[in-house]
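Architecture at a glance
Single-letter residue listing:
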Amino acid sequence: MIGVIIVSYRSDDLTVRFVREELSRISLPYAVVVVDNGATQAEADALASRLPGVAVLAAENRGFAAGNNMGVRYLTERVHPEYILLTNNDISLSEGVVEELEKTLKAHPEAGIAGPEVVGLDGRRQGPYSYLGLWDRYVWMYLMTPFLPREAKRRRFVLSYPEEAQAGPHYALTGSFLLADSAVYASVGGMDEATFLYAEENILSDRLSAVGKCFWFCPSVQVVHQHGRTIGSRYDARERAMLQFESMAYYYRRYRNVSKFSVALARWIFKAILRVR
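None of the values given here were measured: they were computed from a predicted structure. (Residues numbered from 1 in each chain as written. Predicted model: local features only at pLDDT ≥ 70, side-chain atom pairs only at ≥ 80, totals over all residues. Heavy atoms only, no water.)

A look at the packing of aromatic side chains
We apply this condition: Aromatic pairing here means that ring centres of Phe, Tyr or Trp (its six-membered ring) are within 6.5 Å. Orientation follows from the plane angle: under 30 degrees is stacked, over 60 is edge-to-face, and everything else is tilted. Starting at the N terminus, helices and strands are each numbered in turn, a helix being any DSSP run of H or I of at least four residues and a strand any DSSP run of E of at least two. Exposure classes here rest on a 1.4 Å probe applied to the protein chains alone. A residue is buried below 20% of its type maximum, exposed above 50%, and partly exposed in between. Ring-over charges, as used throughout, are those where CZ of Arg or NZ of Lys falls within 6 Å of the ring centre and within 35 degrees of the ring normal.
Scanning the model with the defined rule gives 10 aromatic pairs in all. Ring centres 4.9 Å apart and planes at 75 degrees place the aromatic pair Tyr 138 and Phe 245 in the edge-to-face group. Within this pair, whereas Tyr 138 is found in helix 5 (residues 134-143), its partner Phe 245 is found in helix 10 (residues 237-256), the two being separated by 107 residues in sequence. By relative accessible area, which is 1% here, Tyr 138 ends up buried. Relative to Phe 270, the ring of Tyr 142 lies with its centre 5.8 Å away and its plane at 50 degrees, an arrangement referred to as tilted. Of this pair, Tyr 142 sits in helix 5 while Phe 270 sits in helix 11 (residues 260-276), placing them 128 residues apart in sequence. Judged by relative accessible area, Tyr 142 falls into the partly exposed class, the value being 26%. Among the aromatic residues, those joined into a ring-pair cluster are Tyr 131, Tyr 171, Tyr 250, Tyr 251, Tyr 252 and Tyr 255. In this structure, Arg 10 is placed above the aromatic ring of Tyr 9, and the distance from its NZ or CZ to the ring centre is 5.9 Å. Geometry around Tyr 255 places Arg 254 over its ring, the cationic atom sitting 4.8 Å from the centre.

Take a look at the structure:
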C-alpha cells in the first residue's frame, strides 16, 4: 500500500486535476490524503466533495513540513502504508514511475527515500544536489560572480551537478516528488516542522544519514514539475529568497553547527546583495 500525501495551499483546481489525472497512472494500491493548508473546514469539505474517496484535512498553515507530517500521521493511523509518496500537486507523471521507485527501495536497503528525475517545464533537471556550505551558497556564489568565468563558477559551486548526476545515492533530491519507506520516515521523525518552507530535503538528508540511510536517485523514470506555481503567486522573488535563506540558516545552525555570528553576518551580506540585484 502506498500512502499519498499532498499538501495544498489555495490550489483546489490543481489538486483535483492531479488526483484525477496523474495519480490514476499508479497501478499499485494507494490511499490519498490532502492536507489543505490555510483552509476552513467548509473549504476542505468543498474540496472533498470533488474528490470522492480522498480524505481532505483542514489545517492551520504551519508550512510544508508540518503539512506533510500531518498527512503521514493520518494515513499511518488508518491504512499503515508500507511506502509514503510525498508529492506536490503541480506534478505530471507517466505510468510506472512510482512502481520503479518502489522497486528501487526494495533493491537498495541503504536507500530510505527514492526520487525520479524531476524536470521543469523548461526541460532542465531540478536536482539531485550536492552539499554547499552557508557562505558558498549565499555569499561567495554572488560576490565572486564578476571575477570568475562562467565555467569556473560552475565548477567552484558545483552548478552542473544536477545535469551530471547518475543513478545512486546523493546528498539531496528535490522534495516535490519522493517515495519514502514508511518505517524509515518514522525512524527519522519525519520532516522538521521548525521550517515553514524550503530546506526540507537538506534536513531529511542529515536525518537519513544519522540512521544509516540515504536519498536514492532513479533517473530511469521522470516527472515534470511546474516549480513555484503556488508560492510564486504569494511571494515576490526577494521574499522567496529570504524565506529560503531563513530556512537554510536554521538548517546550518541546527544540523551543521554553524555559529550564530556566521549566520548573522551571512544574512546581512545576502540582504545587501538582494537590494542591489
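Some words on the pattern of salt bridges
Keep this limit in mind: When a carboxyl oxygen of Asp or Glu is within 4 Å of a side-chain nitrogen of Lys or Arg, the pair counts as a salt bridge.
One pass over the structure, following the stated rule, counts 17 salt bridges. Here Glu 22 makes a salt bridge to Arg 25, at a shortest N to O gap of 2.6 Å. Residue classification places Arg 25 among the partly exposed positions, given a relative accessible area of 32%. The residue Arg 154 makes a salt bridge to Glu 163 at a minimum N-O spacing of 3.1 Å. Exposure remark for Arg 154: the relative accessible area of 15% places this residue in the buried category. Salt bridges linked by common partners bring Arg 17, Glu 21, Glu 22 and Arg 25 together as one network.

Re helix 4 (residues 97-107)
Heads up, the condition is: Between two residues, a contact is recorded if the distance between any of their heavy atoms is within 4.5 Å.
What helix 4 keeps buried is the set Val 97, Val 98, Glu 99, Leu 101, Glu 102, Thr 104 and Leu 105. Packed against the buried residues of helix 4 are strand 1 (2-8), strand 4 (83-87), strand 5 (91-93), strand 6 (111-119), strand 8 (177-181) and strand 9 (214-225).

Concerning the side chain of Arg 154
Cut-off, in case you're wondering: Polar contacts, as used here, are pairs of N or O atoms within 3.5 Å; protein pairs need one atom able to donate a hydrogen and one able to accept it. Residues neighboring in sequence count only if both atoms are side-chain atoms.
Here Arg 154 shows up in helix 6 (residues 150-156). Polar side-chain contacts of Arg 154 include one of 3.1 Å to the side chain of Glu 163.

What about the state of the cysteines?
Each disulfide is one covalent bond, formed between the sulfur atoms of two cysteines. What counts here: Our working definition of a disulfide is a cysteine sulfur pair at a distance within 2.5 Å.
Applying the stated criterion across every chain yields a total of 0 disulfides. Looking at Cys 214, it has no disulfide partner, and the nearest cysteine sulfur is the one in Cys 218, 13 Å off. Note on Cys 214: relative accessible area 17%, which makes it buried. Judged by its relative accessible area of 6%, Cys 218 is buried.

Section: helix 5
Listed as buried for helix 5 are Leu 134, Asp 136, Tyr 138, Val 139 and Met 141. Among the structural elements, helix 6, helix 10 and helix 11 are those in contact with the buried residues of helix 5.

Comments concerning the pairing of strand 2 (residues 30-37)
Selection criterion: Following DSSP output, two strands are said to pair if at least two bridges run between them. By definition, the crossover connecting two strands over a helix is right-handed if that path, from the first strand to the second, turns clockwise as seen with the strands pointing away from the viewer.
Burial within strand 2 is extensive, with 7 of its 8 residues counted as buried. For strand 1 and strand 2, the ladder comprises 7 bridges, and the chain directions are parallel. Within the sheet, the bridge partner assigned to Ile 5 lies in strand 2 and is Val 33. Handedness of the crossover joining strand 1 and strand 2 through helix 1 (residues 12-22) is recorded here as right-handed. One ladder, built from 5 bridges, connects strand 2 with strand 3 (residues 55-59); its direction is parallel. Within strand 3, the residue paired with Asp 36 across the bridge is Ala 58. For the crossover that starts at strand 2, traverses helix 2 (residues 41-49) and ends in the parallel strand 3, the hand is right-handed.

Things to note about a nonpolar patch on the surface
Put simply, the rule is: Residues form patches when they are more than 30% accessible in relative terms and have no salt bridge. Like charges link within 9 Å. Nonpolar side chains (Val, Leu, Ile, Met, Phe, Trp, Tyr) link within 5 Å. Here the open area of atoms and residues is found with the Shrake-Rupley method and a 1.4 Å probe, where only the protein chains shown may cover a residue.
Judged by side-chain polarity, Phe 261, Leu 265 and Trp 268 come together as a nonpolar surface patch covering roughly 390 Å² of accessible area. As for its placement among the helices and strands, Leu 265 is situated in helix 11.

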